[in-house]
Amino acid sequence: MASEPQPPHPNARFALAQRFQKIKADVHRQMVEMIDLSRISHWKPERLRREVRNLAIKLAQSSPELLNEVDRERLIDEIMAEAFGLGPIDGLMKDSTVSDILVNGPHQVYIERNGRLEPTDLLFADDAHLMQIIQRIAARVGRRADEMSPMVDARLPDGSRVNAIVPPLALDGPILSIRRFGVRLGTDDLLQNGTMPAELLTVLKAAIEARISILISGGTGSGKTTLLNALSRYIPSDERLVTIEDSAELKLQQPHVARLETRPPNLEGVGEVKQRDLVRNALRMRPDRIIVGEVRGAEALDMLQAMNTGHEGSLTTIHANDTRDALTRLEMMVLMAGFEMPVPVIRQYISSAITIVVQLARLKGGRRRVMRISEILGLKNRTRYVVRDVFGFRQTGVTDGVAVGEFYATGHVPRFLARLAASGIELPEGLFHERIMECGDQGPVTQVTEQDLLGAGAAGR
């Protein structure tokens with residue numbers, strides 16, 4: 001019996017991929033030498049792409065090294081990506097299922113899909129090839145990537161966030177990380193994928209409508225920005241919003257939004273605009289709410305002042321692994337403002353500005369969950385935060401490499417219900433009764449649906 005053909009050895013595949021990259025680099029070099037730059041400067045982008053593609057086809061057909069027509073077609077597509085896109089990873093940028101692209105040197109490209117990291121067969125020809133792509137990205141935002149400026153943060157036209165670090169800081173060659181924001185999840189998506197059950201969404205919706213300030217906390221990749229974007233749909237459309245971000249990621253769903261973004265220093269080291277500068281300026285723009293994409297420094301003091309002086313209902317996110325860690329980080333950021341403020345005063349300021357803390361986490365297998373929704377009740381003896389969990393999630397195990405668990409209500413009835421009532425918002429009876437709640441891909445959906453809960457709240461108004 002004839003044996004089945006075996007797939008090529010990984011080393012053989014790597015050698016073939018390297019050979020293809022070498023041929024592509026040779027063809028690309030020939031193209032650059034043949035193109036008349038004085039002519040193409042007057043061409044429209046559509047004609048430029050057409051002419052470059054025709055030239056790539058001509059050069060590919062004259063390359064006897066290529067094995068078949070499939071290789072030639074692939075070569076032409078990748079040449080176009082080299083000329084106008086991001087080279088070997090350009091195809092990944094068109095894949096809506098890819099959320100992160102991680103290039104650890106020219107011969108190692110990973111992606112995150114559905115919350116899990118997986119390797120790819122893509123590679124760059126060498127360090128110089130990868131550096132060329134990084135420098136192209138940097139040039140688009142007026143930055144550079146070299147020994148004098150070895151770290152680059154940039155944003156692509158589709159909103160994707162790019163970070164690159166090159167030698168001498170990167171010891172094994174250039175490193176490129178791309179966080180994509182091509183797919184915007186709504187509240188329905190968060191319910192279906194089990195990020196939270198409908199009861200939690202109902203409480204957050206009511207809090208936003210009643211102008212209760214919310215702090216969204218979580219680790220890297222836990223879904224903080226996604227949740228903030230999704231919840232923004234509940235902000236009344238007649239309010240003026242000002243968003244402040246280090247790298248623009250928010251896509252709010254209101255018509256009246258003024259978007260501000262920080263600016264790094266230029267090549268001479270001047271011209272930097274920090275988040276704190278933008279928060280101060282935002283106060284002069286007559287905002288109803290200020291939304292800071294992520295608080296990370298001295299702007300925390302100005303943000304808290306805004307929340308305490310007429311800009312209730314403002315939202316922000318923070319990097320922290322726990323609710324109390326988030327409050328501690330806020331304290332440290334306030335101290336970074338340079339004022340000699342006693343810690344009890346800072347804590348009083350925080351507890352009076354922020355009412356709800358939403359803690360997110362990314363669990364094993366890539367699942368993102370709202371781990372708890374907590375209420376800050378104030379301070380005890382002016383030294384300790386009084387924090388009560390309203391809802392929570394507990395992990396009960398791991399199935400097929402994916403974390404599973406259950407949502408629950410603690411039984412705590414929040415004090416901010418009085419503020420909801422003052423705003424004409426009533427929540428269903430029994431919403432806060434101590435119990436277990438199932439949701440999304442956790443198992444059978446609880447009998448109380450989002451439509452039921454939101455409808456009940458609307459009836460109360």
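Above: the structure in question.
Before going into details, it helps to say that this report is about the structure given with it.

The rules behind these values
- Residues numbered from 1 in each chain as written.
- Predicted model: local features only at pLDDT ≥ 70, side-chain atom pairs only at ≥ 80, totals over all residues.
- Heavy atoms only, no water.
- Helix = DSSP H or I, 4+ residues; strand = E, 2+ residues; numbered from the N terminus.
- Areas by Shrake-Rupley, 256 points an atom, 1.4 Å probe, with all protein chains shown as cover.
- Pairing = 2+ DSSP bridges.
- Buried < 20%, exposed > 50% of the residue type's maximum accessible area, 1.4 Å probe, protein only.
- Axes fitted to C-alpha atoms, helices over the stretch in contact; angles between N-to-C directions.
- Contact = heavy atoms within 4.5 Å.
- Core = buried A, V, L, I, M, F, W, Y, C linked by side-chain atoms within 4.5 Å.
- Polar contact = N/O pair within 3.5 Å; in protein donor to acceptor, adjacent residues only side chain to side chain.
- Phe/Tyr/Trp six-rings, centres within 6.5 Å; stacked < 30°, edge-to-face > 60°.
- Lys NZ or Arg CZ within 6 Å of the ring centre and 35° of its normal.

1. Thoughts on the overall build of the chain
Argument step 1. Counting its secondary structure elements, the chain contains 14 helices and 16 strands.
Argument step 2. Here the chain has roughly 23100 Å² of accessible surface; of this, 51% comes from carbon and sulfur atoms.

2. Here's the deal with the pairing of strand β2 (residues 109-113)
Regular strands show a simple pattern: their side chains alternate between the two faces of the sheet.
Argument step 1. Here strand β1 (residues 98-104) runs beside β2; their pairing, made up of five bridges, is antiparallel. Bridging from a neighbouring strand, Asp100 pairs with Glu112 of β2.
Argument step 2. Counted between consecutive antiparallel strands, the loop separating β1 from β2 contains four residues, among which Gly105 sits at a positive phi close to 95°.
Argument step 3. Where β2 and strand β3 (residues 116-119) come together, four bridges link them in antiparallel fashion. Residue pairing across strands places Tyr110 opposite Pro119, the latter belonging to β3.
Argument step 4. Taken together, β2 and the strand that follows it, β3, pair antiparallel across an intervening segment of two residues, in which Asn114 is found at a positive phi of about 55°.

3. Structural notes on the pairing of strand β12 (residues 356-362)
Argument step 1. The buried fraction of β12 is high, at six of seven residues.
Argument step 2. Direction of pairing for strand β7 (residues 214-218) relative to β12: parallel, over a ladder of five bridges. Across the sheet, Leu215 pairs through a bridge with Val357, a residue of β12.
Argument step 3. The sheet contact formed by β12 and strand β13 (residues 368-380) spans seven bridges and is antiparallel. Its bridge partner being in β13, Ala361 is matched across the sheet by Arg369.

4. Section: the sheet that holds β7
Argument step 1. The mixed open sheet is built from ten strands, whose spatial order is β9-β8-β10-β11-β7-β12-β13-β14-β15-β16. The open sheet is flanked by β9 (257-261) and β16 (435-437), the only strands paired with a single partner. Ignoring which end each strand starts from, the neighbouring axes of this sheet average 25° apart.
Argument step 2. Sheet analysis places strand β8 (residues 241-245) next to β9, joined by five bridges and oriented parallel.

5. Describing the sheet that holds β3
Argument step 1. The strand order across the open sheet formed by six strands is β3-β2-β1-β6-β5-β4, and the pairing between neighbours is antiparallel. Only two strands of the sheet have a single partner each, and these edge strands are β3 and β4 (151-155). Pairwise comparison of adjacent strand axes, ignoring direction, gives a mean angle of 15° for this sheet.
Argument step 2. Each of β1, β4, β5 (161-165) and β6 (175-179) touches helix α5 (residues 127-140); the most contacted strand, β6, lies at about 50° to it.

6. Some details on the nonpolar core
Argument step 1. Ile214, Ile356, Val358 and Phe391 are the most contacted members of the largest nonpolar core, which has 47 residues in total.
Argument step 2. Within the residue set of this core, elements represented by two or more residues are α6 (187-192), α7 (198-209), β7, α8 (224-231), β12, β13, β14 (384-399) and β15 (402-409).
Argument step 3. It is α7 that contributes the most residues to this core, eight residues altogether.
Argument step 4. If near-sequence neighbours (up to four positions away) are discounted, Val358 is found in contact with Leu204, Ile214, Leu215, Ile216, Ser217, Leu227, Val370, Arg372 and Ile373.

7. Notes on the side chain of Ser351
Argument step 1. With respect to the helices and strands, the residue Ser351 is situated in helix α12 (residues 343-353).
Argument step 2. Of the polar contacts made by the side chain of Ser351, one reaches the backbone oxygen of Gln348; its length is 3.1 Å.
Argument step 3. What Ser351 contacts, discounting residues up to four positions off in sequence, is Ile376, Gly378, Leu379 and Tyr385.

8. Comments concerning the environment of Thr396
Argument step 1. Its place among the elements puts Thr396 in strand β14.
Argument step 2. Accessibility expressed as a relative area gives 54% for Thr396, which makes it exposed.
Argument step 3. Those residues in contact with Thr396 that sit more than four places away from it in its chain are Val404, Gly405 and Glu406.

9. A look at the packing of aromatic side chains
Argument step 1. Within this structure, the stated rule accounts for two aromatic pairs.
Argument step 2. The ring of Tyr408 carries the charged tip of Arg394 above its face, separated from the ring centre by 4.1 Å.

10. Details of the environment of Leu176
Argument step 1. Along the polypeptide, Leu176 turns up in strand β6.
Argument step 2. Note on Leu176: relative accessible area 1%, which makes it buried.
Argument step 3. Remark: the alpha-carbon pair of Leu176 and Val166, spanning ten residues in sequence, is separated by 8.6 Å.
Argument step 4. Those residues within four positions of Leu176 in sequence are excluded, and the remaining contacts are Ile89, Ile101, Leu102, Val103, Leu130, Ile134, Ile137, Val162, Asn163 and Ala164.

11. Let's talk about α8
Argument step 1. The buried fraction of α8 amounts to seven of the eight residues, a majority that puts the element mostly inside the structure.
Argument step 2. When α8 is considered as a whole, its buried residues turn out to be Lys224, Thr225, Leu227, Leu228, Asn229, Ala230 and Leu231.
Argument step 3. Looking at the packing, one finds that the buried side of α8 touches α6, α7, β7, β10 (289-292), β11 (315-319) and β12.

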